[in-house]
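# Architecture at a glance
Residues per chain are reported as follows:
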Amino acid sequence: MSSLVGPESDGPHRVDAVAQHLMEQLRLKAGRLPGERQLAVQLGCSRNTIREALARLRDRGLVDVRPRRGAYEATRSGAATRAAPSPEEALLALQLVGPEVAHLVAGRFDDAYVERLEEITSDLSRALLDRDAGAAGRRLVEFYVELARLAGNSYLHQVLVAVATDEALVLSPEPAPEQRAVEAFFTQHVDVLQALRRGDRRRVGRLVERCIHAWASLVHLTPADRGGAT
């Protein structure tokens, strides 16, 4: 039997639930969380799960994780008054920024990048198998947030963190996605990952565009107009 705070991590849905609980705790505890061990005992999960949940909240710009000091709720100026974005706006942002960060990373891809990107892809696959479009949307955006971090461009990273934070692409479409659409999307996503591993800068941007288009079809979204101001 594994230890309550042992090295093993729970699945992606458990991590999502823990992340949501941590945000609720932050609001109740004046913006600061207890230590990892205490949280693991309170929530009945591993410390690795706590770390993964905090990392996801950090990547979405919701918490600041400070070594030896703990985790604090991040402040976002203007967040209270900003209108909630539509899924179409979030999709357009992903369409515009996703190909660029993939292009940047493909030009200097390192084997050290593979493990994290494959981990997110594995979580994405499980969410699709479970027909959980909301969790799949989180994993898709998380993949491109990670690419932006690896690209080293803080402005592109901030755009994708905002998309992740707003969760406008976390959808439960009706009717549920057809199996054919699920398979088409995941095939396109794997093509993107393989192009990154090959360092194929010439093709990766186009593959990302196709992948995001397949995602839009999966969740019945039509992108916002890309033609500019009228």
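This section reports on the structure supplied with the text. Computed from a prediction, not measured in an experiment: that's the story for all the values here.

Rules used throughout
- Within each chain, residue numbers correspond to sequence positions counted from 1 in written order.
- Thresholds applied to this predicted model are a pLDDT of at least 70 for local features of residues and 80 or more for the giving and counting of side-chain atom pairs; totals over whole chains, interfaces and linings are not thresholded and use all residues.
- Only hydrogens and water are set aside; all other atoms, that is, all heavy atoms of the structure, feed into the side-chain values.
- Helix and strand definitions follow DSSP, with helices as H or I runs of at least four residues and strands as E runs of at least two, each counted in order from the N terminus.
- Only protein chains enter the calculation, and the probe is 1.4 Å; a residue is then buried if its accessible area is under 20% of its type maximum, exposed if over 50%, and partly exposed in between.
- In this analysis, two residues are considered to be in contact whenever any of their non-hydrogen atoms come within 4.5 Å of each other.
- The protein chains shown are the only cover counted for residues, whose accessible areas, like all others here, come from Shrake-Rupley with a 1.4 Å probe.
- We define a polar contact as two N or O atoms separated by no more than 3.5 Å, with the added condition that, inside protein, one atom must be a possible hydrogen donor and the other a possible acceptor, whereas residues neighbouring each other in sequence contribute only through side-chain atom pairs.
- Directions from the helix axis toward the C-beta atoms define the arc.

What follows is about the overall build of the protein chain. When helices and strands are tallied, the protein chain shows nine helices and two strands. Starting at the N terminus and ending at the C terminus, the protein chain contains elements arranged as α-α-α-β-β-α-α-α-α-α-α. Relative to its full complement of 230 residues, the protein chain shows a buried share of 44%. Considering only intrachain contacts with a sequence separation of at least 6, the fraction spanning at least 24 residues in the protein chain is 73%. Counting every atom, the protein chain has about 12,200 Å² of accessible surface; 49% of that belongs to carbon and sulfur.

This paragraph deals with the side chain of His189. Checked against the element boundaries, His189 lands in helix α8 (residues 179-198). In this structure the side chain of His189 is engaged in a polar contact, spanning 3.0 Å, whose partner is the side chain of Thr121.

What follows deals with helix α2 (residues 36-43). A turn of α-helix holds 3.6 residues, and therefore any two residues three or four places apart point the same way. Within α2 the residues assigned to the buried category are Leu39, Ala40 and Leu43. For α2, the arc enclosing every buried residue in end-on projection is 100°, short of the 170-degree limit, so these residues lie on one face. After α2 finishes, the residue Gly44 shows a positive phi value of roughly 65°.

Below, the discussion takes up the environment of Leu207. The topology assignment puts Leu207 in helix α9 (residues 201-218). For the pair Leu207 and Ala102, spaced 105 residues apart in sequence, the C-alpha to C-alpha distance is 9.5 Å. Every residue in contact with Leu207, bar those within four places of it in the chain, is listed here: Gln188, Asp191, Val192 and Ala195.

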